[in-house]
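# Notes for the structure review
Chain by chain, the residues:
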Amino acid sequence: MCLAVPHRIEELCGDGSAIASAGPIRRSIRVDLLDAPAVGDLVLVHAGFAIEKVDERDGAELEALWAEIRKGAGDAGQLPF
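Everything in this summary refers to the structure shown in the same document.

Rules used throughout
- Residues numbered from 1 in each chain as written.
- Predicted model: local features only at pLDDT ≥ 70, side-chain atom pairs only at ≥ 80, totals over all residues.
- Heavy atoms only, no water.
- Helix = DSSP H or I, 4+ residues; strand = E, 2+ residues; numbered from the N terminus.
- Buried < 20%, exposed > 50% of the residue type's maximum accessible area, 1.4 Å probe, protein only.
- Polar contact = N/O pair within 3.5 Å; in protein donor to acceptor, adjacent residues only side chain to side chain.
- Contact = heavy atoms within 4.5 Å.
- Salt bridge = Lys/Arg side-chain N within 4 Å of Asp/Glu carboxyl O.

Structurally, the position occupied by Ser21 is in strand 2 (residues 17-22). The buried category is assigned to Ser21, whose relative accessible area is 14%. Reaching out from Ser21, the side chain makes a polar contact with the side chain of Glu10 at a distance of 2.9 Å.

Following this line, the structure appears as structure tokens:
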């Protein structure tokens, strides 16, 4: 089974990569597979690649669910999502 974690694009680097955040974690991701990625987009990331954009309506719910998961896991910023 595969797991894709939602990330918010914070910066496009111009070489097919971007800086994105998942909760308190910022990381470099690849955006080559997306059509017209933009700062502020919520994307699903698997193995370092953004594989799908998430529309804003679903995105707010998805981000809230992941925040709840982090809270339930006792996350103090150590989980990678």
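Looking at the secondary structure, you find Val45 in strand 4 (residues 42-46). Assessed through its relative accessible area of 4%, Val45 is described here as buried. Residues Val45 and Leu65, 20 residues apart in the sequence, show an inter-C-alpha distance of 16 Å. Setting aside chain neighbours within four positions, we find Val45 in contact with Leu3, Ala4, Val5, His7, Arg27, Ile29 and Ala50.

One pass over the full model with this rule turns up six salt bridges. A salt bridge links Arg26 to Glu10, with the shortest nitrogen-to-oxygen separation between them at 2.5 Å. With Arg26 in strand 3 (residues 25-30) and Glu10 in strand 1 (residues 5-12), this residue pair connects regions lying 16 residues apart in the sequence. Across the pair Lys53 and Asp41 runs a salt bridge whose closest N-O atoms are separated by 3.4 Å. You can see Lys53 sitting in strand 5 (residues 49-54) and its partner Asp41 sitting in the loop between strand 3 and strand 4, a full twelve residues away along the chain. Judged by its relative accessible area of 35%, Lys53 falls in the partly exposed class. Put simply, Arg8, Glu56 and Glu63 are held in one network by salt bridges that share partners.

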